[in-house]
Amino acid sequence: MDSRSIERLKWRSRRGLLELDLVFERFWAGEGGRMTEGDAAALERLLALPDNDLLDLVMGRTESPESELRDMVAKLRAA
C-alpha cells in the first residue's frame, strides 16, 4: 500500500468514540503499517459503519457475517 492510502485510512479511522480512537491508535502503532490490499479494503468497509456498530464488532458484542471483515476485526482486537 502506498503511504497516501494509509494516511487516508488513518484519517478516516478517527472516530467520535474514545474507545474506538484508542483501538485505532494501538492498531496504527503496530499492525497498521503492515496492511495488505485486502486488509485495507476490509478496513474501508468497517470504517463505513456507524461508530456504535463498529464498537460492537471490536468489543465482541456482535460478529460480522463476512470472513474478511472478521479477520480485520480480529486484528483490531489484538492491537
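The following paragraphs examine the structure supplied in this document.

Rules and cut-offs
Residues numbered from 1 in each chain as written. Predicted model: local features only at pLDDT ≥ 70, side-chain atom pairs only at ≥ 80, totals over all residues. Heavy atoms only, no water. Helix = DSSP H or I, 4+ residues; strand = E, 2+ residues; numbered from the N terminus. Rg over C-alpha atoms; globule rule 2.2 N^0.38 Å. Buried < 20%, exposed > 50% of the residue type's maximum accessible area, 1.4 Å probe, protein only. Contact = heavy atoms within 4.5 Å. Areas by Shrake-Rupley, 256 points an atom, 1.4 Å probe, with all protein chains shown as cover. Core = buried A, V, L, I, M, F, W, Y, C linked by side-chain atoms within 4.5 Å. Axes fitted to C-alpha atoms, helices over the stretch in contact; angles between N-to-C directions. Parallel < 35°, antiparallel > 145°, perpendicular 65-115°, else oblique. Nonpolar A, V, L, I, M, F, W, Y, C, P; charged D, E, K, R; others polar.

## Digging into the overall build of the protein
Okay, step 1: A count of helices and strands for the protein gives five helices and zero strands.
Okay, step 2: When the elements of the protein are put in sequence order from the N terminus, they spell out α-α-α-α-α.
Okay, step 3: Radius of gyration (C-alpha) of the protein: 11 Å, near the 12 Å computed for a compact globule of 79 residues.
Okay, step 4: Projected onto its principal axes, the C-alpha positions of the protein cover 35 × 25 × 20 Å.
Okay, step 5: Burial status across the protein gives 34% buried among its 79 residues.
Okay, step 6: Taking the intrachain contacts of the protein between residues at least 6 apart in sequence as the baseline, contacts between residues at least 24 apart amount to 57%.
Okay, step 7: For the protein, the accessible area works out to roughly 4800 Å², and carbon and sulfur atoms hold 50% of it.

## Focus on the environment of Val-73
Okay, step 1: Of note, Val-73 is situated in helix α5 (residues 67-78).
Okay, step 2: Taking the C-alpha atoms as reference points, Val-73 and Gly-60, 13 residues apart in sequence, are found 9.0 Å from one another.
Okay, step 3: Once residues lying within four places of it in the same chain are set aside, the contact partners of Val-73 are Leu-46, Leu-57 and Val-58.

## Considerations on the nonpolar core
Okay, step 1: Within the largest apolar cluster, 21 residues are counted, with the highest numbers of intra-cluster contacts made by Phe-24, Trp-28, Met-35, Leu-43, Leu-46, Met-72 and Leu-76.
Okay, step 2: Sorting the residues of this core by element identifies α1 (3-12), α2 (18-29), α3 (37-47), α4 (51-59) and α5 as the ones contributing at least two each.
Okay, step 3: In contact with Phe-24, other than residues within four places in its own chain, are Ser-13, Arg-15, Leu-43, Leu-47, Leu-54 and Leu-76.

## What to know about the packing of α3 against α5
Okay, step 1: Put simply, α3 and α5 touch, their axes get as near as 9 Å, and they point 85° apart. Relative to α5, α3 is oriented roughly perpendicular. Contacts from Asp-39, Ala-42, Leu-43, Arg-45 and Leu-46 in α3 reach Glu-68, Leu-69, Met-72, Val-73, Lys-75 and Leu-76 in α5.
Okay, step 2: Split into classes, the residues belonging to the contact of α3 with α5 amount to seven nonpolar, no polar and four charged.

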